[in-house]
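# A look at the structure
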Amino acid sequence: MSSPQRRKGSRSQKNPPVRRHNYADIRPKKKKTSLAVPILILFVLALVISLIAAAAWQKLQDSASSSNTSSGIPTPPPSAVRTGDGPASPSSIPSMKAGYSQSSPESAPDGEGDAQSGESSQSGDSSGESSSQSTPGGDAVSTVTFGAAVPPSAKVSESYFDDALFIGDSITTGITGYGILNNATVLASKGVNPSSLLNNKVELPDGSKENLLDLAKEENPKKIYIHIGANGVAFIGKETFISLYAQSIQRLKEDHPDAIIYVQSIFPVTKAKADAEPLYSNDKIDAYNLAIMEMTKEQEVYYLNVAEVLKGPDGALPNEVSPADGMHFGPTTYRVWMDYLLSHVVDAEDYPQESSGVESTPSGSSSESQEPSSSSASG
């Protein structure tokens, strides 16, 4: 039997081909991860951390300069803000070696401050400018050199300060606040440190704000005494500290090329303060003072190791001299300070000399607790 024939035009009985889809084409494509977002987040975090650190440093500085506010110490008049002077009896002063600066230079005993910092031991190592001094009897004493502590000289009268300018922080404000000197110009404010002295404006008694170096430029001093550092030693690194300090000195030398510039050591703190706040340890202060002294050689200015006369046998400021905050003190200690300055000058032969020391207390008072007077020196 013959097989059936296909009709013309009939379609093949085979199944039509199945079209296969490429599912890879219809799957959602993964987006490429952008690095911009995590980088932005890291930048914001770094900025926040920097702001927090800056706020912490500022708080530390403010607490150092105003610690007595919380201790109930009476606020002195605005002409000289004192941040923590406390009472101390005159009997506490002999432990600070106050006696030697009131006697002749030859009777000065070896100082514990020298043993602590090693500063005076370098008095003959500098190759800077030098000059010899004489005692009232005509005997030569140690040579004055840049980069070494100024040695004891014949003691001059307070008229030496007639053309002197004092620049500093809250400790320096006590010179006028206590009425210690009425013949010197004092430019000082609480919280001043090497950075703010160079870059910032400070509040003045009249409420205005000015930079102390700008104000100093308007004066015409023959001697300039600088005392800063207590408000910076805790939070400014030593190299930065010295660099900022040196820039301020350069500015003063440019503005006052004929003036004698005395750079004073940072003063010691009490053992109680050093124990409570290790950032203010006296060992650290001694290290900064040594760096300051070395800096004075490069800058060709004179270094005054006032710290040696303020230290007790333990190398610290006696606790009874500054019971309130361990840093600031009263009028009796200011007299010790001024007496040291008058017996450590580089041009004693040009000024009247006196054999007796500066009065141990101002205005005949025997108490370290006397409040600052409202009178102040010019400036």
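Residues numbered from 1 in each chain as written. Predicted model: local features only at pLDDT ≥ 70, side-chain atom pairs only at ≥ 80, totals over all residues. Heavy atoms only, no water.

Before going further, it helps to spend a moment on the overall build of the protein. Scanning the protein for helices and strands turns up 11 helices and nine strands. Burial analysis of the protein (379 residues in total) assigns 47% to the buried set. A separation threshold of at least 6 residues defines the contact pool for the protein, and within that pool the share at least 24 residues apart is 76%. (Helix = DSSP H or I, 4+ residues; strand = E, 2+ residues; numbered from the N terminus. Buried < 20%, exposed > 50% of the residue type's maximum accessible area, 1.4 Å probe, protein only. Contact = heavy atoms within 4.5 Å.)

Our next topic: the nonpolar core. If you look at the biggest cluster of nonpolar residues, it comprises 81 residues, and the most contacted ones within it are Phe 161, Phe 166, Trp 337 and Leu 341. With sequence-adjacent residues up to four places away left out, Phe 166 is seen in contact with Phe 161, Thr 172, Ile 175, Leu 181, Ala 184, Thr 185, Val 186, Leu 187, Tyr 225, Met 338 and Leu 341. (Core = buried A, V, L, I, M, F, W, Y, C linked by side-chain atoms within 4.5 Å.)

Read across the sheet, five strands follow the order E4-E3-E7-E8-E9 without closing on themselves; strand pairing throughout is parallel. Both edges of this open sheet fall to strand E4 (185-188) and strand E9 (302-304), since each of them pairs with a single strand only. The mean inter-strand angle of the sheet, taken between neighbouring strand axes irrespective of direction, is 20 degrees. Across four bridges, strand E3 (residues 164-168) lies against E4 in parallel orientation. Within the sheet, the bridge partner assigned to Gly 168 lies in E4 and is Ala 188. Of the strands in this sheet, E3, strand E7 (223-227) and strand E8 (260-264) are in contact with helix H7 (residues 238-255), which crosses E8 at around 160 degrees. (Pairing = 2+ DSSP bridges. Axes fitted to C-alpha atoms, helices over the stretch in contact; angles between N-to-C directions.)

Our focus in this paragraph is the pairing of E7. Counting buried residues along E7, five of its five residues qualify, which places the element largely inside the surrounding structure. Pairing between E3 and E7: five bridges, direction parallel. If you follow Gly 168 over to E7, its bridge partner there is His 227. Inspection of the sheet shows E7 paired to E8 by four bridges, in the parallel sense. When the bridges of E8 are listed, Ile 226 appears paired with Val 263. Since E7 and E8 lie parallel, the crossover through H7 that links them has a hand, and here it is right-handed. (Right-handed = clockwise from strand over helix to strand, strands pointing away.)

Bringing the pairing of E3 into the picture now. Within E3, five of the five residues are buried, which leaves the element mostly enclosed by the surrounding structure. In E3, alternate side chains face the same way, and those of Ala 164, Phe 166 and Gly 168 on one face and Leu 165 and Ile 167 on the other are all buried. The parallel pair E3 and E4 is bridged by helix H4 (residues 170-177), and the resulting crossover is right-handed.

We now examine unusual backbone geometry. Of note, the phi angle at Glu 300 is positive, near 55 degrees, even though the residue is not glycine. Along the chain, the position of Glu 300 falls in the loop between helix H9 (282-299) and E9. For Glu 300, a relative accessible area of 51% translates into the label exposed.

Another aspect to go through is the packing of aromatic side chains. If you walk through the whole model with that rule in mind, you get 15 aromatic pairs. Taken together, a centroid distance of 4.7 Å and an interplanar angle of 75 degrees make the contact between Tyr 160 and Tyr 351 edge-to-face. Linking Tyr 160 in the loop between strand E2 (144-145) and E3 with Tyr 351 in the segment after helix H11 (331-342), this pair joins segments that are 191 residues apart in sequence. By relative accessible area, which is 0% here, Tyr 160 ends up buried. For Tyr 351, a relative accessible area of 23% gives the class partly exposed. With centroids separated by 5.8 Å and ring planes inclined at 75 degrees, the aromatic side chains of Phe 161 and Tyr 225 adopt a geometry described as edge-to-face. Of this pair, Phe 161 sits in the loop between E2 and E3 while Tyr 225 sits in strand E7, placing them 64 residues apart in sequence. Each member of the pair, Phe 161 as well as Tyr 225, carries the same accessibility label: buried. Site record: aromatic cluster; members linked through ring pairs are Phe 146, Tyr 160, Phe 161, Phe 166, Tyr 225, Tyr 262, Tyr 302 and Tyr 351. (Phe/Tyr/Trp six-rings, centres within 6.5 Å; stacked < 30°, edge-to-face > 60°.)

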